[in-house]
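Commentary on secondary and tertiary structure
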Amino acid sequence: MLAAAAAPGGPAAGSGGQAESGGSGGGRFSVLTWEQVQRLDQILGEAVPIHGRGNFPTLSVRPRTIVQVVRSRLEKKGIAVHNVRLNGSAASHVLHQDSGLGYKDLDLIFGVDLKTEDVFQQVKDVVMDCLLDFLPEGVNKDKITPVTLKEAYVQKLVKVCNETDRWSLISLSNNSGKNVELKFVDSLRRQFEFSVDSFQIILDSLLLFGECSENPMAENFHPTVTGESMYGDFEEAMEHLRSRVIATRNPEEIRGGGLLKYCNLLVRGFKPKLEVDMKALQRYMCSRFFIDFSDIGEQQRKLECYLQSHFVGMESKRYDYLMTLHRVVNESTVCLMGHERRQTLNLIAMLAVRVLAEQNIIPTVTNVTCYYQPAPYVSEINFNYYVTHVQPFLPCSQSYPTWLPCN
């Protein structure tokens, strides 16, 4: 039996798949090829460790099992799951293995109706119950509460409920940064930042095939799996992924983290589609970053978390990343007061020096001399350098107004 993933306007079910670039030009959907289905099946079948804090044991669970168990429990609670999708860098890796993006997090999206606070709580309870069941034999589960499980295995817990967005996120811990992220989405206005990370792969047909078929998959016998580009044009987004092009739509909707993702793409060899458009995009992203992370302490925490989670196994790239971020912020920050702009640039420079020290490229952070341009006491037209010794970062105790009107 062949399973089929139905999609509005998508191609008909079959066994052979289509070309990697997708179906008809301009369409949002495309059928995955046999090679892509194999990569997808491999990702879903590889055991992922979920590391526990303290004395809690490491759970080794396949993503396929997590999806099946969570979905089954939700449906038993009367919460219908419309579909389950693989999102983000893992989906991009499935579609094009040599994109240069790699993948770490496994982003799994469950399409559900989150109409009330009770449903949000039920979803959270279901995931905690599943974690309890995933504990190895021999563990006394009687006194383990959902709160204990959350503290032991949940890296991040997010709930968003407003006029345009209703969703929750439960990120399960992994010490190497390969978190399993379970996102339960009722509505989400913006589901991507750039075209190369706009892909979602509908998993239902592949999961159903595994449950129903007695025979293993083969090139001429496998389910039809459908992918969708939230960018809007699957074929164009695939070409951007192959050619390592940075492109987006409605950049004003990208949240503050988009600036960090943009600089990450630059470091990985991606190039802007149009240089003129990217100048405007950089200004949008810098402005939004300082709106979402207005406090210097928030900026430091965000940058440190990003470095820790997005450069596992690529530590040597962290310095290049920070220098790229420093350049973009320096060139494209237009609505920030001068002293706060310098404060952020100094923070990025401090983190860059720390990275070098961690790599034993320099002896110690406190003895290093860094050069910044321009100096606080020099006018903007004077481009002489000044010298300052790097000091441990201290938050500014005095409060300043952050924003100036943009003309």
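In this text the structure is predicted, and so the values were computed from the model without any measurement.

Procedures and definitions
Residues numbered from 1 in each chain as written. Predicted model: local features only at pLDDT ≥ 70, side-chain atom pairs only at ≥ 80, totals over all residues. Heavy atoms only, no water. Helix = DSSP H or I, 4+ residues; strand = E, 2+ residues; numbered from the N terminus. Buried < 20%, exposed > 50% of the residue type's maximum accessible area, 1.4 Å probe, protein only. Polar contact = N/O pair within 3.5 Å; in protein donor to acceptor, adjacent residues only side chain to side chain. Phe/Tyr/Trp six-rings, centres within 6.5 Å; stacked < 30°, edge-to-face > 60°. pLDDT = per-residue confidence, 0-100. Contact = heavy atoms within 4.5 Å. Pairing = 2+ DSSP bridges. Axes fitted to C-alpha atoms, helices over the stretch in contact; angles between N-to-C directions. Core = buried A, V, L, I, M, F, W, Y, C linked by side-chain atoms within 4.5 Å. Expected span 1.5 Å × (residues − 1). Arc of directions from axis to C-beta.

Take Thr248: it is sitting in the loop between strand S11 (245-246) and helix H8 (257-267). Here Thr248 falls in the buried class, since its relative accessible area comes to 18%. Among the polar contacts listed, one links the side chain of Thr248 to the side chain of Arg190, at a separation of 2.9 Å. A polar contact of 2.6 Å, which involves the side chain of Thr248, links it to the backbone oxygen of Glu193.

As a further point, take unusual backbone geometry. One can expect most non-glycine residues to show negative phi and most peptide bonds to be in trans. Within the chain, Arg244 stands out as a residue other than glycine whose phi angle is a positive 60 degrees. Relative to the elements of secondary structure, Arg244 occurs in the loop between helix H7 (234-243) and S11. Given a relative accessible area of 30%, Arg244 falls into the partly exposed group. Although it is not a glycine, Asn250 sits at a positive phi angle of roughly 50 degrees.

Right, let's talk about the packing of aromatic side chains for a bit. According to the stated counting rule, one finds 10 aromatic pairs in the structure shown. Ring plane angle 80 degrees and centroid distance 5.8 Å describe the contact between Phe56 and Tyr153, whose orientation is recorded as edge-to-face. Taken together, the positions of Phe56 in the loop between strand S2 (48-50) and strand S3 (59-61) and Tyr153 in helix H5 (residues 146-153) put the pair 97 residues apart, joining distant regions of the chain. Pairing Phe194 with Tyr262 gives two aromatic rings, centres 6.3 Å apart and planes at 35 degrees, and the pair type is tilted.

What follows concerns the confidence of the model for the protein. On average, the protein scores 84 in pLDDT, and the residues at 70 or more come to 82%. The low-confidence segment residues 1-25, where pLDDT is below 50, has 62 contacts with residues more than four positions distant or belonging to other chains. Note that pLDDT drops below 50 for residues 371-407; the model gives that stretch 55 contacts with residues more than four away or on any other chain.

Bringing the sheet that holds strand S7 (residues 166-172) into the picture now. Judged by pairing direction, the sheet is mixed, and its eight strands sit side by side in the order S1-S10-S9-S4-S5-S8-S7-S6 without closing on themselves. Every other strand in the sheet has two partners, leaving strand S1 (29-31) and strand S6 (154-161) as the edge strands with one partner each. When the angles between neighbouring strand axes are averaged without regard to direction, this sheet yields 20 degrees. Strand direction decides the pairing type here: S6 and S7, joined by seven bridges, are antiparallel. Across the sheet, Lys156 pairs through a bridge with Ser171, a residue of S7.

So, about the environment of Asn87. By the element assignment, Asn87 lies in strand S4 (residues 84-87). The exposure class assigned to Asn87 is buried, which follows from its relative accessible area of 11%. Spatially, the C-alpha atoms of Asn87 and Lys183 are 9.8 Å apart, while their sequence positions differ by 96 residues. In this structure Asn87 touches Asp107, Ile109, Phe199 and Gln200, once residues within four positions along its chain are discounted.

Soluble, globular proteins show a tendency: their nonpolar side chains are buried together. Leu40, Leu86, Phe110, Phe184 and Ile201 are the most contacted members of the largest nonpolar core, which has 100 residues in total. Counting residues per element, this core draws most heavily on helix H4 (residues 117-134), which supplies 10 residues. Discounting chain neighbours no more than four positions away, the residues touching Leu86 are Leu40, Ala91, Val94, Leu106, Asp107, Leu108, Phe199, Gln200, Ile201 and Leu203. The next biggest cluster of nonpolar side chains, apart from the first, holds six residues, and it includes Ile109, Val160, Val185 and Leu188.

With 21 residues, helix H12 (residues 338-358) extends 30 Å from end C-alpha to end C-alpha; this agrees with the ideal 30 Å at 1.5 Å per step. Directly after H12, the chain includes Asn360, whose backbone phi takes a positive value near 60 degrees.

Considered for burial, the residues of H5 that qualify are Leu149, Ala152 and Tyr153. The arc that holds the buried residues of H5, viewed along the axis, is 70 degrees, so those residues lie on one side. Summarising the contacts, the buried residues of H5 are in contact with S2, S3, H4, S6 and S7.

A few words on the environment of Pro136. For Pro136, the location among the structural elements is in the loop between H4 and H5. On the accessibility criterion, Pro136 (32% relative accessible area) is partly exposed. The spacing of Pro136 and Leu59 is 77 residues in sequence and 7.4 Å in space, taken between C-alpha atoms. Aside from chain neighbours lying at most four places away, what touches Pro136 is Pro57 and Leu59.

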